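Coordinate analysis (summary)
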Amino acid sequence: MKEINRMIWIICIVLISIWALQLYRDRCFKIEYYTDVSDKALLYIREEKKLNPERVIHFFDQLSGEGLNPELGREVFESVFADDRQNLLMLLAKMKEKNALVKDK
């Protein structure tokens, strides 16, 4: 009986450890993904080429996680057409602050 209880405890500890490792790994992947998206958005906005509205809105949509706020989407869209890169950089900084998974390198 004592050996069976010990076996059950070992199995439980192994399962909990695997579960915890999986949660940690998923969080690390999410942090890496959102940080990469924000870095690519920053580089794209700073480029001297003409901005593609769909691409910029896609960056902001990805950073928002649950979907882009319509007011923010309109402001991003207007900034792209006005070629107001400073406003886009300011909006990107706000999005990075809101998203806890974005880490500065």
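Our subject is the structure that appears above.
1. Considerations on the nonpolar core
Counting residues in each nonpolar core, the largest one holds 20 residues, and the members touching the most others are V56, F60, L63, V76 and L88. Among the secondary structure elements, those contributing two or more residues to this core are α1 (2–46), α2 (53–64), α3 (70–81) and α4 (85–98). When residues of this core are assigned to their parent elements, the largest contribution, six residues, is made by α1. Apart from the residues lying within four places of it in its own chain, the contact partners of L88 are I45, L51, V56, F60, V76, S79 and V80.

2. Comments concerning α4
Along its 14 residues, α4 runs 20 Å from first to last C-alpha, staying within 8% of the 20 Å computed at 1.5 Å per residue. Among all positions in α4, only R85, N87, L88, L91, L92, M95 and K96 are buried. Looking at the buried residues of α4, the elements they touch are α1, α2 and α3.

3. A closer look at unusual backbone geometry
Excluding glycine, most residues fall at negative phi; most peptide bonds, likewise, are trans. The backbone of D83 shows a phi angle near 55 degrees, a positive value even though the residue is not glycine. Tracing the backbone through its elements, the reader meets D83 in the loop between α3 and α4.

4. So, the packing of α2 against α4
Packed helix pairs are characterised by how far apart their axes lie and by the angle those axes make with each other. Following both chains from N to C, one finds α2 and α4 inclined at 15 degrees, their axes separated by 10 Å at the closest point. Our classification of the angle between α2 and α4 gives roughly parallel. Between α2 and α4 lies a crossing whose hand is left-handed. Of α4, the residues touching α2 (which contributes V56, F60, L63 and S64) are L88, L91, L92 and M95.

5. Describing α2
Its twelve residues give α2 an end-to-end C-alpha distance of 17 Å, which sits within 8% of 16 Å, the value for a rise of 1.5 Å per residue. When we look at burial in α2, the residues that qualify are P53, V56, F59, F60, L63 and S64. One side of α2 holds all its buried residues, which, seen down the axis, span an arc of 135 degrees. Where α2 is buried, its residues contact α1, α3 and α4. Where α2 begins, the side chain of N52 points an oxygen toward the backbone nitrogen of E54, at a separation of 3.2 Å.

6. Some remarks on a nonpolar patch on the surface
A cluster of nonpolar side chains, namely M7, I10, V14 and I18, defines an oily patch on the protein surface of about 380 Å² accessible area. Here V14 lies in helix α1. Residue V14 is classed as partly exposed on the basis of its relative accessible area of 43%.

Parameters at a glance
- Residues numbered from 1 in each chain as written.
- Predicted model: local features only at pLDDT ≥ 70, side-chain atom pairs only at ≥ 80, totals over all residues.
- Heavy atoms only, no water.
- Core = buried A, V, L, I, M, F, W, Y, C linked by side-chain atoms within 4.5 Å.
- Buried < 20%, exposed > 50% of the residue type's maximum accessible area, 1.4 Å probe, protein only.
- Helix = DSSP H or I, 4+ residues; strand = E, 2+ residues; numbered from the N terminus.
- Contact = heavy atoms within 4.5 Å.
- Expected span 1.5 Å × (residues − 1).
- Axes fitted to C-alpha atoms, helices over the stretch in contact; angles between N-to-C directions.
- Parallel < 35°, antiparallel > 145°, perpendicular 65-115°, else oblique.
- Left-handed = near helix turned anticlockwise from the far one by under 90°.
- Arc of directions from axis to C-beta.
- Polar contact = N/O pair within 3.5 Å; in protein donor to acceptor, adjacent residues only side chain to side chain.
- Patch = residues over 30% accessible without salt bridge, like charges linked within 9 Å, V, L, I, M, F, W, Y side chains within 5 Å.
- Areas by Shrake-Rupley, 256 points an atom, 1.4 Å probe, with all protein chains shown as cover.
- Salt bridge = Lys/Arg side-chain N within 4 Å of Asp/Glu carboxyl O.

Geometric descriptors of this kind do not, in isolation, establish any biological role.
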